[in-house]
Amino acid sequence: MELNLLNQEEIATLRNLLSNATNIVICAHKSPDGDATGSSLAWMHYLNQIGKTNIKVCMPDATPDFLHWLPGHNSVIRYDRRPKEVEKAFKEADLVCCLDFNQNSRVDAMQEVLESSTAPRLLIDHHLEPETNNALTVSHPEMSSTCEIVFRLISQLDGYEKMTTQCASCIYCGMMTDTGGFTYNSSRPEIFYIIGQLLAKNIDKDEIYNRVFHNYSTNALRLRAHIILNKMKVIEELHASYYTVTKEEMAQFHFIKGDMEGLVNIPQQIKGLKLSISLREDTERPKTVLVSLRSCNGFHCQPMAAKFFNGGGHADASGGRLNCTIEEAEQIAIKAILYYKEELQ
Ligand code: 5GP
Ligand code: MN
């Protein structure tokens, strides 16, 4: 099966970048998810495999608990905890690999450090509209996940034979999380061919599923139930849904990072629903609302994320941020839904 993504010139550039690099930084977006963390660690494992020993995986902030089992996770350096170490890593780097994000601003507080680096940059990503000021841009929005791209790159670099179970597990994790357990964005035969290749590396796919998706605390499950029962609004005639989550509600259910992950997908279980919006108060910043959007049944939420929520992402899974109160955010969401009412009807 054809997995190669790079043409002759690009693969030569990649080989060149890698062979010239000694001190390598790998970084991903703020609030790293399964794909951001999985692809970063898989790429680290591959670089180890080809003899690179000085690799620093730098993340803007914490990964959720359900990803802490990922092989190599203990080597991740968090910018919010160890800024000096991250600054030093970027300063000394002779290659910076940016995984699973399209714009520098997606690394949030780490942006200045990233931009201050003069090292050549390799971007590996599947979001729309990437920044292209890189030594090599590997951008494929049609791919399920950055992890899928990483697998294909390793494969094209002849690294499959020596791929470790650890590396394969990281790749599987990101492919699985970015496709909701292979329920969307995952109908190309290549995806299942790759899963077969990963299984041949002895990954335990059922165990990975359990670790990621069956990891709620009782409180987290009750918080989710509360939102669906008491907070979810459904505009039936526009096939749209939204909910708000306040800091007080999160405190009441002892919220920890990751507890709300994927909740925005649940309203999509309503027959015919086209749009689901999550509005959640930021626990760290005042007057900040984190926005998640999901779409299906022919509606695409990415333009809405850009126009109304200062964000973007994928055609059917986008996000953004508002600097306002949760009440104001709710009004903006209603305005956004009405703006697209013809397409939502
Ligand atoms: P989530 O809803 O899971 O936080 O994010 C869904 C997708 O939206 C992510 O894959 C991410 O690319 C994109 N996204 C989330 N937040 C932002 C944001 O603030 N800006 C942009 N441009 N994209 C975002
Ligand atoms: Mn991703």
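You'll find the chain entered in an unreviewed UniProt entry as DHH family phosphoesterase, with Prevotella melaninogenica given as the organism.

Caption draft 1: How the structure looks around the coordination of the manganese ion (ligand 2). Here the manganese ion (ligand 2) is held by the protein donor atoms D35 (OD), D100 (OD), H126 (NE2) and D178 (OD), which lie 2.2 to 2.4 Å from it. Counting gaps between the donor residues of the manganese ion (ligand 2) yields the pattern D-x64-D-x25-H-x51-D. Of this pair, D100 sits in the loop between β4 (95–99) and α4 (111–116) while H126 sits in the loop between β5 (121–125) and β6 (136–139); the two residues are 26 residues apart in sequence, bridging distant segments of the chain. You can call D100 buried: its relative accessible area is 1%.

Caption draft 2: Layout of the side chain of N102. Along the chain, the position of N102 falls in the loop between β4 and α4. Within the local environment of N102, its side chain forms a polar contact with the backbone oxygen of L128, the two atoms lying 2.8 Å apart. Contact partners of N102, with chain neighbours within four places excluded, come to D125, H127, L128, E129, P130 and E131.

Caption draft 3: Layout of the site of ligand 1. In the vicinity of ligand 1, the contacting residues are R106, H127, S292, R294, G311, G312, G313, H314, A317, S318, G319 and G320. Within the side chain of S292, an N or O atom sits 2.6 Å from an oxygen atom of ligand 1. Contact distances for ligand 1 include 2.9 Å between an oxygen atom and a side-chain N or O atom of R294. Burial of ligand 1 by the protein chains amounts to 74% of its free accessible area of 500 Å².

Caption draft 4: A look at unusual backbone geometry. Phi at N202 takes a positive value of approximately 70 degrees, unusual for a residue other than glycine. Phi angles above zero are rare outside glycine, and K287 is one such case at about 50 degrees. Within the secondary structure, K287 is located in the loop between β9 (275–281) and β10 (289–295).

Caption draft 5: Looking closely at the environment of D178. Along the polypeptide, D178 turns up in helix α6 (residues 165–178). When the C-alpha positions of D178 and G38 are compared, they lie 11 Å apart, and in sequence the two are 140 residues distant. Excluding residues within four positions of it along the chain, D178 makes contact with D33, D35, H126, S144, S145 and Y184. Side chain to side chain, D178 and H126 meet in a polar contact 3.1 Å long.

Caption draft 6: Here's a closer look at the sheet that holds β5. The 6 strands lie next to each other as β3-β2-β1-β4-β5-β6, forming an open sheet whose pairing is parallel. Strands with a single pairing partner mark the edges of an open sheet, and in this sheet they are β3 (77–78) and β6. Summarising the sheet, strand β2 (residues 54–59) and β3 pair through 2 bridges and their orientation is parallel. Its bridge partner lying in β3, M59 is registered against R78. Helix α5 (residues 146–156) contacts β4, β5 and β6 of the sheet and is inclined by roughly 120 degrees relative to β5.

Caption draft 7: Up close: the sheet that holds strand β8 (residues 240–245). The sheet built from 6 strands is open, its strands ordered β7-β8-β9-β10-β12-β11 with mixed pairing. Both edges of this open sheet fall to β7 (233–235) and β11 (312–313), since each of them pairs with a single strand only.

Caption draft 8: Fine view of the UniProt feature "domain: DHHA1" (unreviewed entry) in the chain. Feature annotation in UniProt assigns "domain: DHHA1" (unreviewed entry) to the following positions: residues 255–335. Helix makes up 21% of residues 255–335 and strand 27%, with an end-to-end C-alpha separation of 29 Å.

Caption draft 9: Fine view of the packing of α6 against helix α8 (residues 205–213). Where α6 meets α8, the axes come as close as 10 Å, and the angle between the chain directions of the two elements is 55 degrees. By the angle between their axes, α6 is oblique relative to α8. Note that α6 runs across α8; the crossing there is right-handed. In contact with S169, Y172, C173, M176 and T177 of α6, α8 contributes K205, I208, Y209, V212 and F213. Here the residues of the contact of α6 with α8 sort into 7 nonpolar, 2 polar and 1 charged.

Caption draft 10: Expanded view of the confidence of the model for the chain. A residue-level look at the chain finds 100% of positions with pLDDT of 70 or above and a mean pLDDT of 97. With a pTM of 0.94, the predicted complex shows an ipTM of 0.96.

Caption draft 11: Here's a closer look at helix α1 (residues 8–19). For α1, with 12 residues, the first-to-last C-alpha span of 16 Å sits near the 16 Å given by 1.5 Å per residue. Taken together, the buried positions of α1 are occupied by I11, L14, L17 and L18. Looking straight down α1, one finds its buried side chains confined to an arc of 125 degrees; they lie on one side. Away from the buried face of α1 by more than 90 degrees, exposed residues Q8, E9 and S19 are located. Summarising the contacts, the buried residues of α1 are in contact with α2 (34–49), β4, β5, β6 and α5. Put simply, N7 is the residue that caps the front of α1, since its side-chain oxygen is 3.1 Å from the backbone nitrogen of E9.

Definitions and limits used
Residues numbered from 1 in each chain as written. Chains lettered and ligands numbered in written order. Predicted model: local features only at pLDDT ≥ 70, side-chain atom pairs only at ≥ 80, totals over all residues. Heavy atoms only, no water. Donors = N, O, S within 2.8 Å, 3.2 Å for Na, K, Ca; no water. Helix = DSSP H or I, 4+ residues; strand = E, 2+ residues; numbered from the N terminus. Buried < 20%, exposed > 50% of the residue type's maximum accessible area, 1.4 Å probe, protein only. Polar contact = N/O pair within 3.5 Å; in protein donor to acceptor, adjacent residues only side chain to side chain. Contact = heavy atoms within 4.5 Å. Near = heavy atom within 4 Å. Areas by Shrake-Rupley, 256 points an atom, 1.4 Å probe, with all protein chains shown as cover. Pairing = 2+ DSSP bridges. Axes fitted to C-alpha atoms, helices over the stretch in contact; angles between N-to-C directions. UniProt positions renumbered as here; feature names shortened; annotations may be inferred. Parallel < 35°, antiparallel > 145°, perpendicular 65-115°, else oblique. Left-handed = near helix turned anticlockwise from the far one by under 90°. Nonpolar A, V, L, I, M, F, W, Y, C, P; charged D, E, K, R; others polar. pLDDT = per-residue confidence, 0-100. Expected span 1.5 Å × (residues − 1). Arc of directions from axis to C-beta.

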